[in-house]
Amino acid sequence: MRHYWDMDGAEPRDRERDLARPLREFRYHWTRTGRFSFTGELDPDTGTLIEQLMVPLAAPDATDPSGTPDPRTPAERHGDAFTAIIELAAHTPDLPIKAGERAVATITINLHDLQNTAKTVLLDDGTAQPISVIRRMLCDAKIYPAVLGGDGQVLDLGRSARTAPPSLRRALAIRDRGCTFPGCPLGPKWTDVHHTTHWAHGGTTDPTTCTLTCTRHHRLAHHSNWTITITNNTVYWTPPTLIDPHQKPLRNTAHDPPPTQMRAA
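It should be emphasised that the depicted structure is a prediction, and the values quoted were computed from it without experimental measurement.

Let's shift gears to the pattern of salt bridges. Counting across every chain of the model gives 10 salt bridges. Note that Arg27 and Glu25 form a salt bridge whose closest N and O atoms lie 2.6 Å from each other. Taking relative accessible area as the criterion, Arg27 reaches 43% and is therefore assigned partly exposed. Residue Glu25 is classed as partly exposed on the basis of its relative accessible area of 28%. Residues Asp140 and Arg169 are paired through a salt bridge, measuring 4.0 Å at the closest nitrogen-oxygen approach. You can see Asp140 sitting in the loop between α6 (131-137) and β7 (142-143) and its partner Arg169 sitting in helix α7 (residues 166-176), a full 29 residues away along the chain. For Asp140, a relative accessible area of 16% gives the class buried.

In this structure, Leu57, Phe181, Cys184, Leu186, Trp190 and Trp237 are the most contacted members of the largest nonpolar core, which totals 18 residues. Listed by contribution, the elements that provide at least two residues to this core are α3 (44-57), α4 (74-90) and β14 (234-238). Per element, the largest residue contribution to this core is 3 residues, and it comes from α4. Setting aside its immediate chain neighbours within four residues, Trp190 contacts Leu57, Ala84, Ile85, Leu88, Cys214 and Thr215. Ranked by size, the runner-up nonpolar core spans 8 residues in total, among them Ile107, Ile131, Leu138 and Ala200.

For α7, the set of buried residues is Leu168, Leu172, Arg175 and Asp176. One side of α7 holds all its buried residues, which, seen down the axis, span an arc of 80°. Opposite the packed face of α7, turned more than 90 degrees from it, sit the exposed residues Pro166, Arg170 and Ile174. The first or second residue beyond α7 is Arg177, which carries a positive phi of 65°.

Two descriptors summarise a pair of aromatic rings, namely the distance from one centre to the other and the angle between the planes of the rings. Scanning all chains against the criterion turns up 9 aromatic pairs. An aromatic cluster of three or more residues is present, and its members are Phe26, Tyr28, Trp30, Phe36, Phe38 and Phe82.

So, on to the side chain of Asp43. Relative to the assigned elements, Asp43 resides in the loop between β2 (36-41) and α3. Since its relative accessible area comes to 9%, Asp43 is described here as buried. Among the polar contacts listed, one links the side chain of Asp43 to the side chain of Arg24, at a separation of 2.6 Å. Apart from residues lying up to four places away in sequence, Asp43 is in contact with Pro22, Leu23 and Arg24.

Below, the discussion takes up the state of the cysteines. In the structure shown here, the tally under the stated rule is 0 disulfides. The closest cysteine sulfur to the non-disulfide-bonded Cys179 is located on Cys184, 3.7 Å from its own sulfur. The class of Cys179 is buried, set by a relative accessible area of 0%. No disulfide involves Cys210; its sulfur sits 7.3 Å from the nearest other cysteine sulfur, which is in Cys139.

Turning our attention to the pairing of strand β1 (residues 25-30). Where burial is concerned, little of β1 is hidden: 0 out of the 6 residues are buried. By the bridge criterion, 6 bridges tie β1 to β2 in an arrangement that is antiparallel. From the neighbouring strand, Phe26 faces β2, where its bridge partner is Gly40. Linking two consecutive strands that pair antiparallel, namely β1 and β2, is a turn of 5 residues; a positive phi of about 85° is found at Gly34 within it.

Below, the discussion takes up the confidence of the model for the protein chain. Per-residue pLDDT for the protein chain averages 81, and the proportion of residues at 70 or more is 77%. Per-element confidence in the protein chain is highest for β14, whose mean pLDDT is 95, and lowest for strand β4 (residues 101-102), whose mean pLDDT is 58.

The contact between α3 and α4 brings their axes to 9 Å, and the two run at 115°. By the angle class used here, α3 and α4 are roughly perpendicular. With respect to the hand of their crossing, α3 and α4 are arranged in right-handed fashion. Counted together, Leu53, Met54 and Leu57 of α3 and His78, Ala81, Phe82 and Ile85 of α4 form the full contact between these two elements.

For the rest of this paragraph, the subject is unusual backbone geometry. With a phi close to 65°, Arg177 is a non-glycine residue in the positive phi region. Topologically, Arg177 is positioned in the loop between α7 and β11 (191-195). Arg177 sits in the partly exposed class, given a relative accessible area of 40%. The backbone of Asn232 shows a phi angle near 50°, a positive value even though the residue is not glycine. Here Asn232 lies in the loop between β13 (227-231) and β14. With a relative accessible area of 73%, Asn232 lands in the exposed category.

Definitions and limits used
Residues numbered from 1 in each chain as written. Predicted model: local features only at pLDDT ≥ 70, side-chain atom pairs only at ≥ 80, totals over all residues. Heavy atoms only, no water. Salt bridge = Lys/Arg side-chain N within 4 Å of Asp/Glu carboxyl O. Buried < 20%, exposed > 50% of the residue type's maximum accessible area, 1.4 Å probe, protein only. Helix = DSSP H or I, 4+ residues; strand = E, 2+ residues; numbered from the N terminus. Core = buried A, V, L, I, M, F, W, Y, C linked by side-chain atoms within 4.5 Å. Contact = heavy atoms within 4.5 Å. Arc of directions from axis to C-beta. Phe/Tyr/Trp six-rings, centres within 6.5 Å; stacked < 30°, edge-to-face > 60°. Polar contact = N/O pair within 3.5 Å; in protein donor to acceptor, adjacent residues only side chain to side chain. Disulfide = S-S within 2.5 Å. Pairing = 2+ DSSP bridges. pLDDT = per-residue confidence, 0-100. Axes fitted to C-alpha atoms, helices over the stretch in contact; angles between N-to-C directions. Parallel < 35°, antiparallel > 145°, perpendicular 65-115°, else oblique. Left-handed = near helix turned anticlockwise from the far one by under 90°.

As structure tokens, then:
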């Protein structure tokens, strides 16, 4: 009887202590190539929660227009799912405050450099990034207009403004119902606002030029030959010729409501 009821070999008091303060470990470091590497382990409750989040987010994509299945490995799909979870957490207003603001990445750049298409920018932490990466990061960002002196001192700092206000996000959520990339099932809470013409190049911030994209497809919009057009309040993605030589514009139907079933009289 004792063996049956105490199979884990731990004293009841020890089990309660482990439940009160579960062992959760997370270790990370930056590699020489600028990658973020991590290891660790979590308690069963947290592991189950993460698994429940990861499984639907890591599902393979639908086949592309040429019939090619999702090229990502399971590890890559889980990496994209983990990134989507972190991005969602970063959007919550309940994050800890540091220096009076939520956790943020601060990028200081002049408009001329931002408009340049083939430039590398040195960030405040000393890392170099292509300007295309900076434009993606600032596609839907909080902007502070500033006037700097010759030595970089701030002479005047304007009021912050988000390029996509909450009212626009609500309007896009109603229209797009989620990520607009063909076949992507992710809903509005997993998306960013993407400018089809970047605001730094004169693009406006309204439903005629903005759409919702998940983190992964936002990268695709900025760093590939896919193009986005909005016609008659409908968003279309046009694939590159390598995928579709005819470049037929595609609409995401993953968010369409199910068809109404016709009942026989």
